[in-house]
Amino acid sequence: MKNYSLSLAQFPCSILFLLYFLTTISSSFSSNFSSSTQLCSHHQALSLLQFKQSFSIQRSPFWFARNYQYDQYPKTESWKEGTDCCLWDGVTCDLKTGQVTELDLSFSMLHGTLHSNNSLFSLHHLQKLVLSYNDFNFSNISSQFGQFSNLMHLNLTHSNFAGQVPSEISHLSKLVSLDISNKHLSLETFSFDKIVQNLTKLRVLYLDYIHMSLVAPNSLTNLSSSLTLLSLVGCGLQGEFPSNIFLLPNLDSLILRDNEGLTGSFSSSNVSNVLWQLDLSDTRISVYLENDFISKLKSLEYIWLRNCDIRRTNVALLGNLTQLRMLDLSHNNLSGEIPSSFENLSNLQSLYLFSNLFNGTIPSFLFALPSLGYLDLHNNHFIGHISEFQHNSLEYLDLSNNHFHGPVPSSIFKQEYLEVLILASHNKLTGEISYSICKLKYLEILDLSNNSLSGSIPQCLSNFSNTLSILHLGMNNLQGTISLAFSEGNSLGYLSLNDNELEGEIPSSIINCTMLEVLNLGNNKIKDTFPHFLERLPKLQVLVLKSNKLQGFVKDPTTDNSFSKLQIFDISSNNLSGPLPTGFFNSLEAMMTSNQNMIYMTSNNYYGFADIYAYSVEMTWKGLKIEFVKIQSILRVLDLSSNSFTGEIPKLIGKLKGLQRLNLSHNYFTGHIQSSLGILTNLESLDLSSNLFTGRIPVQLVDLTFLQVLDLSHNRLEGPIPKGKQFNTFDHRSFEGNSGLCGFPMPEECSNGEAPPLPPSNFIAGDDSTLLEDGFGWKAVAIGYGCGFMFGVIMRYVVFKTRRPAWFLKMVEDQWSLNASRTKKNASRNGARRK
């Protein structure tokens, strides 16, 4: 082998000199360029720095970034005075002119108002501007955006802009893509028409969630023929969608989801054959599944037809769309078995068929799809065993509300990227929960409820993943103790272990679950005292500990904001005793107000196009045992029934004005029924039955106009039953077991006529001084105190002189025995305790 290496002495002198010269010049040029030459001009750097100073950095995670796992960071923090702005994060310059041509500040955590005089609008050479996923604090979109005459790409999506979209956007005649999707924006017909007419180069248009109910869909006919993507999600469009849009020659993506007033027809006669993405979910546009339709859509990769007007439902034809990656046919009342033609979809990544009438077994080819990541078949009539999955590609699996039986397939625990596992309700899955489940370190939702699972709860479930937000193992046959040791920093928001055979104590490590909103441990065999440490959970809204073996007193709160967000509190059917603490009612701030928002309590996480996971709870409502599969945020419930609570009801209960259901039945409560209950005008159900209440029924209860269920039976009430409003609708069962009551609807008439009404309640929320006004005023108290003091002095002298006056002791002991005997008899007769 020849040696081609040369020594330094063999190089000609001219070549060595040339190398030395080039090295010196290059070094000098680099040094001078880096030290004294900046590509960015001074005035542009100053404009950018002024823009930076006009906003603060919002450190809390943006909802979209949190739910979609996008990276966000404050790009503007890299912007430093004296450095080249062309090297700053998010800034791109023209290499020849040094002008700033692109500014991408998406997910930059910006917070503040974007005013029309902001220095941003001095960057006239911008060709691309992206301000998406920030918080501009409901700023108006300034008409100054229309001055960016060179702009080709504008993206302001989901950045909390509000108001009208300015018509000046139509001045941006060079725009190729426009995305101003924001749910607080509106678009008038005039502005929309100008945008459609003037932006002739537009290829991509996103107007999602903008209020466009006044815009006629026919206005869309003037859209640019170069358009490739049109997205109008949730715009409130009304009327017939123009059919010629389907024929735009370059249109490959059409997304019209969530426009329930949008009609029209999507048939084989008016469809573009370049379409690869189609979403007509939650519209009334008719879709004809027929051979011609399918043959023209061979390019389709993503199709969403959820809750659609599907005509000629030959679903099997969809198996010919072999390029499909996503198929959603949910909420369409489709029946029969899953077509065998779906076996041709070997590229399928997501399949949503939930809330239909499909039956039979799940075909084996579904378990063998190599790229299947999302499978949602819940709310159907599938039967049989769940087969083993042949690949480990699953990220989302929901087979709930079907009729499966048998064990949970072991292959599920090998899906290392699985984030959601829901196998709940109506399934009768058996066996134990495998400890292998704790290998699923990305799991966020685990719901195995309403099955026949047995054995103990794997201890590792409390700390195997900091991303776990929902753990629902209720309504099974699980046994043993709750041996869960929750670590700090966990994300658990919903924990339900109800209706099992769990014993022992409530683990104190639950206080580490600072994100917890729902805790349901009801219907178990837990033997413990009331878990006062739970008052430190700052977000707890639902607490259900009913039907266990809890004992002891419920004490006054020991911390500020104790249970302040609690909306549903159910500790019924335990062995708790003692009087109700006044401070406890003072802390229930969420029950003091009513929430009129008709929304449901849900997980904050969002999983693509799957149904959002809604929190559920089982309660006794208006006398019936009901499972609330979705918990409305307006619900306010307090259930202390079937315990051994004593004493009077604190008058402060009148502060809980948001309450809809109050159940204090089957206890040992005494005294009068508080007239302050008449302030709880949202009450729909009131149960005070089987106690030892005395006196008359307060006429203030007549003011409870929403009251549908009233039970005051089996007490020691007397006098006339109030009349009017809702009280005229209750029958004798609401009042039976009170021998002293008279008047409608009881058979006994009031012999002395109608008694005068009780005085109106002078209860004032927050004024504890009114607590003394039931019974004796301050004068009576003072007189009683003086008499008692004198009697005590005299009796002390007598006892001291006679040592032990037998006559006095016998009188006291006899009276004590007589009262005790009466109390026991009355308690037995009135059914104060549950059997």
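Residues numbered from 1 in each chain as written. Predicted model: local features only at pLDDT ≥ 70, side-chain atom pairs only at ≥ 80, totals over all residues. Heavy atoms only, no water.

**Comments concerning the overall build of the chain**
Along the backbone of the chain there are 8 helices and 52 strands. Across the 835 residues in the chain, those meeting the buried criterion constitute 51%. Taking the contacts inside the chain whose residues are at least 6 apart along the sequence as the reference set, 58% of them involve residues at least 24 apart. Within the structure as shown, the chain displays about 38800 Å² of accessible surface, and the carbon and sulfur contribution to it stands at 52%. (Helix = DSSP H or I, 4+ residues; strand = E, 2+ residues; numbered from the N terminus. Buried < 20%, exposed > 50% of the residue type's maximum accessible area, 1.4 Å probe, protein only. Contact = heavy atoms within 4.5 Å. Areas by Shrake-Rupley, 256 points an atom, 1.4 Å probe, with all protein chains shown as cover.)

**Quick notes on the sheet that holds strand β6 (residues 139-140)**
One open sheet holds the 3 strands; their spatial order is β6-β8-β10, and the pairing between them is parallel. Every interior strand has two partners, whereas the edge strands, β6 and β10 (185-186), have only one. (Pairing = 2+ DSSP bridges.)

**Remarks on the sheet that holds strand β25 (residues 381-384)**
Spatially, β21-β23-β25-β27-β29 is the arrangement adopted by the 5 strands of the open sheet, whose pairing is parallel. Two strands in the sheet have a free side with no partner beyond their single neighbour: β21 (335-336) and β29 (428-430). In the sheet, β25 pairs with strand β27 (residues 403-407) via 2 bridges, with the strands oriented parallel. From the neighbouring strand, Gly384 faces β27, where its bridge partner is Phe404.

**As for the pattern of salt bridges**
Counted according to the given criterion, the structure contains 10 salt bridges. Linking Asp104 and Lys75 is a salt bridge whose minimum nitrogen-to-oxygen distance equals 3.8 Å. Linking Asp104 in strand β3 (residues 100-104) with Lys75 in the loop between α3 (63-68) and β2 (91-93), this pair joins segments that are 29 residues apart in sequence. Judged by its relative accessible area of 27%, Asp104 is partly exposed. The exposure class assigned to Lys75 is buried, which follows from its relative accessible area of 10%. (Salt bridge = Lys/Arg side-chain N within 4 Å of Asp/Glu carboxyl O.)

**Considerations on the pairing of β3**
Relative to β3, β2 runs antiparallel, the two being bridged by 3 bridges. Along β3, the bridge assignment pairs Val91 with Leu103. The turn joining β2 and β3, which pair antiparallel and follow one another in sequence, is formed by 6 residues; a positive phi near 80 degrees is taken by Gly98. Sheet analysis places β3 next to strand β5 (residues 128-130), joined by 3 bridges and oriented parallel. In the sheet register, Glu102 faces β5, and the bridge partner there is Lys128.

**Here's the deal with unusual backbone geometry**
Here Phe744 and Pro745 are connected by a cis peptide whose omega angle stands at 10 degrees. With respect to the helices and strands, Pro745 occurs in the loop between β52 (740-742) and α7 (778-802). Although it is not a glycine, Tyr209 adopts a positive phi angle of roughly 65 degrees. Here Tyr209 lies in the loop between β11 (204-206) and β12 (229-231).

**A look at helix α4 (residues 189-198)**
Inspection of α4 places Ser191, Phe192, Ile195 and Val196 among the buried residues, and these make up the whole buried set. Across the axial projection of α4, the buried residues extend over an arc of 130 degrees, all falling on one side. (Arc of directions from axis to C-beta.)

**Focus: the confidence of the model for the chain**
Chain-level statistics for the chain give a pLDDT mean of 84 and a share of 82% at 70 or above. Residue range residues 63-68 is modelled with pLDDT below 50. Its contacts to residues more than four positions away, or to other chains, number 13 contacts. Below pLDDT 50 for its whole length, residues 755-835 participates in 71 contacts with residues either more than four positions away or in separate chains. (pLDDT = per-residue confidence, 0-100.)

**Topic: the environment of Asn561**
Its location among the elements puts Asn561 in the loop between β39 (549-553) and β40 (568-570). For Asn561, a relative accessible area of 54% corresponds to the exposed category. Here the alpha-carbon distance between Asn561 and Pro538, two residues 23 residues apart in the chain, equals 7.6 Å. Setting aside anything within four residues of it in sequence, one finds Asn561 in contact with Glu535 and Glu589.

**Things to note about the state of the cysteines**
Taken as a whole and assessed by the stated rule, the structure comprises 4 disulfides. Put simply, Cys86 and Cys93 are joined by a disulfide, and their sulfur atoms are 2.0 Å apart. One quick way to see it: the torsion about the S-S bond of Cys86 and Cys93 is about -95 degrees, and its sign makes the bridge left-handed. A relative accessible area of 10% means that Cys93 is categorised as buried. Among the cysteines of the chain that take part in disulfides, numbered as they appear in the sequence, the pairing is 1-2, 3-4, 5-6, 7-8. (Disulfide = S-S within 2.5 Å.)

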